[in-house]
Amino acid sequence: MSEPRWVSWARRLVLGFLALFTLLPLYAMLASSLKPLRDVQGDWHWIPTNLTFEPFVEIWSTIPLAKYFVNSLIVSGTATILSVVIAIFAAYAISRFEFRGKNLFSITVLSTQMFPGILFLLPLFLIFVNIGNTTGLVLYGSRLGLIITYLTFSLPFAIWMLAGYFASIPKELDEAAKVDGCGPMGALLRIVVPASMPGIVAVAIYAFMTAWGEVLFASVMTKSDTRTLAVGLQEYSTQVDVYWNQVMAASLVVSLPVVAGFLLLQRYLVAGLTAGAVK
């Protein structure tokens, strides 16, 4: 049965409005990044009259953008890898084994997502400072401290999502692997992990994007040499002026890794989120 024509037109209008709502800010960023600063600060013109690529060159010298890029890449990449690895083992245990406190552990992991991140800012800051004063292990102002911070927020979601995904994989596959001589670890690595690759990729994308664009904890837990991109972009604003064209150019540049990764892996993300949502 074909749908009414008004439904088709209504869908097109809604999708067109959403596309326009998304693309207009991106075009404004691109247009501003191709203008001299005086044109950005003056009257707005949709088409740049004095086209220039200097902002894309100057962003690297105005602030140490390359250093911030490396810091973000190290912190986000390490937090993502640790989240995925730990979540795989924890989710496999939840989905395949019965143990005392299993339900309590699962509820606790899920309940951590109910609290806002700012609630943990001061406690984590005090913990890191006290650990540094007691043991000499520098966590506050270091990459390691920021990695641990991001891990505490991405890991519960990763465990919960992968547990649901692993539960959708028949246990008969594990039993068949055991007949062939595999233990639990062999069944996990040879059977469950390859079959769960869409869910694992979805978890990795979520963990990376969360760490890459996080501002609150990065602004408190980092120093000048460990600052990440999300915080470092603020340095384009000085007491004298704001380099809006460089801000827009830098925002486009630092968004490229996330956008490219998302476009390449979006089919895995959709499949992983869909399969992990239900048992």
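Above: the structure in question.
K.L.:
Quick one: what's the story with the overall build of the chain, residue by residue and with numbers?
P.N.:
Within the chain one finds 13 helices and 0 strands. Mapped in sequence order, the helices and strands of the chain form the string α-α-α-α-α-α-α-α-α-α-α-α-α. For the chain, the spread of C-alpha atoms along the three principal axes comes to 70 × 70 × 35 Å. Burial statistics for the chain: of 279 residues in total, 38% are counted as buried. Restricting to contacts in the chain with at least 6 residues of sequence separation, those with at least 24 account for 74%. Averaging the positions of the 17 positive and the 14 negative side-chain charges in the chain gives two centres separated by 8 Å.

K.L.:
A description of the pattern of salt bridges should follow, citing residues and the corresponding values.
P.N.:
According to the stated counting rule, one finds 2 salt bridges in the structure shown. Of the charged contacts, one joins Glu-98 and Lys-102 as a salt bridge, the two residues approaching to 3.3 Å between their closest N and O atoms. Take Glu-98: its relative accessible area is 68%, and that puts it in the exposed class. A salt bridge links Glu-235 to Arg-227, with the shortest nitrogen-to-oxygen separation between them at 2.5 Å.

K.L.:
Give me the environment of Leu-144: which residues, what numbers.
P.N.:
With respect to the helices, strands and loops of the structure, Leu-144 is situated in helix H7 (residues 143-167). Of the residues examined, Leu-144 reaches a relative accessible area of 39% and is grouped as partly exposed. In the structure, Leu-144 is positioned 70 residues away from Ile-74 in sequence and 9.8 Å away in space, judged by C-alpha atoms. In contact with Leu-144, not counting residues within four places along its chain, are Leu-137 and Leu-139.

K.L.:
How would you summarise the packing of helix H9 (residues 184-195) against helix H10 (residues 197-212) if you had to cite specific residues and measurements?
P.N.:
Following both chains from N to C, one finds H9 and H10 inclined at 70°, their axes separated by 5 Å at the closest point. For the element pair H9 / H10, the angle class is roughly perpendicular. In contact with Val-193, Pro-194 and Ala-195 of H9, H10 contributes Met-197, Pro-198 and Ile-200. A class-by-class count of the residues in the contact of H9 with H10 yields 6 nonpolar, no polar and no charged.

K.L.:
Tell me what's going on with the packing of aromatic side chains, and back it up with residues and numbers.
P.N.:
Inspection of every chain in the model, using the stated rule, returns 11 aromatic pairs. A ring pair is formed by Phe-125 and Tyr-140, whose centres lie 5.1 Å apart and whose planes are at 90°; its orientation type is edge-to-face. Pair noted here: Phe-125 is in helix H6 (residues 121-135) and Tyr-140 is in the loop between H6 and H7, with a separation of 15 residues, a long-range link. For Phe-125, a relative accessible area of 27% corresponds to the partly exposed category. Using a relative accessible area of 27% as the deciding quantity, one classes Tyr-140 as partly exposed. An angle of 20° between the planes, with centres 5.3 Å apart, marks the rings of Phe-208 and Trp-212 as stacked. Residue Phe-208 and its partner Trp-212 are located together in helix H10, separated by 4 residues, close to a single helical turn.

K.L.:
So what about H7? Which residues, and what values?
P.N.:
Note: α-helices contain 3.6 residues per turn, so residues at a spacing of three or four share the same orientation. In a regular helix each residue adds 1.5 Å, so 25 residues correspond to 36 Å; H7 covers 35 Å between its end C-alpha atoms and thus fits that length. Of all bends in H7, the biggest is about 35°, found at Ser-154, and the proline Pro-156 comes one to four residues later. Among the 25 residues that make up H7, 18 are buried, leaving the element largely enclosed by the rest of the structure.

K.L.:
Explain the side chain of Ser-154 residue by residue, including any values.
P.N.:
Examined against the element boundaries, Ser-154 turns out to sit in helix H7. Ser-154 has contacts with Ser-83, Tyr-206 and Ala-207, leaving out every residue within four places of it along the chain.

K.L.:
Before we move on, can you summarise a nonpolar patch on the surface with the specific residues and values?
P.N.:
On the surface, Ile-81, Leu-82, Val-85, Ile-86, Phe-89, Met-185 and Leu-189 cluster together to form a nonpolar patch covering roughly 620 Å² of accessible area. Every element with two or more residues in the nonpolar patch is listed here: helix H4 (65-96) and H9. Per element, the largest residue contribution to the nonpolar patch is 5 residues, and it comes from H4. Under the relative-accessibility criterion, Phe-89 is labelled partly exposed at 39%.

Scoring rules and cut-offs
Residues numbered from 1 in each chain as written. Predicted model: local features only at pLDDT ≥ 70, side-chain atom pairs only at ≥ 80, totals over all residues. Heavy atoms only, no water. Helix = DSSP H or I, 4+ residues; strand = E, 2+ residues; numbered from the N terminus. Buried < 20%, exposed > 50% of the residue type's maximum accessible area, 1.4 Å probe, protein only. Contact = heavy atoms within 4.5 Å. Lys, Arg positive; Asp, Glu negative; His and termini not counted. Charge placed at Lys NZ, Arg CZ, Asp CG, Glu CD. Salt bridge = Lys/Arg side-chain N within 4 Å of Asp/Glu carboxyl O. Axes fitted to C-alpha atoms, helices over the stretch in contact; angles between N-to-C directions. Parallel < 35°, antiparallel > 145°, perpendicular 65-115°, else oblique. Nonpolar A, V, L, I, M, F, W, Y, C, P; charged D, E, K, R; others polar. Phe/Tyr/Trp six-rings, centres within 6.5 Å; stacked < 30°, edge-to-face > 60°. Expected span 1.5 Å × (residues − 1). Bend = angle between axes of the 7 residues up to and from the residue. Patch = residues over 30% accessible without salt bridge, like charges linked within 9 Å, V, L, I, M, F, W, Y side chains within 5 Å. Areas by Shrake-Rupley, 256 points an atom, 1.4 Å probe, with all protein chains shown as cover.

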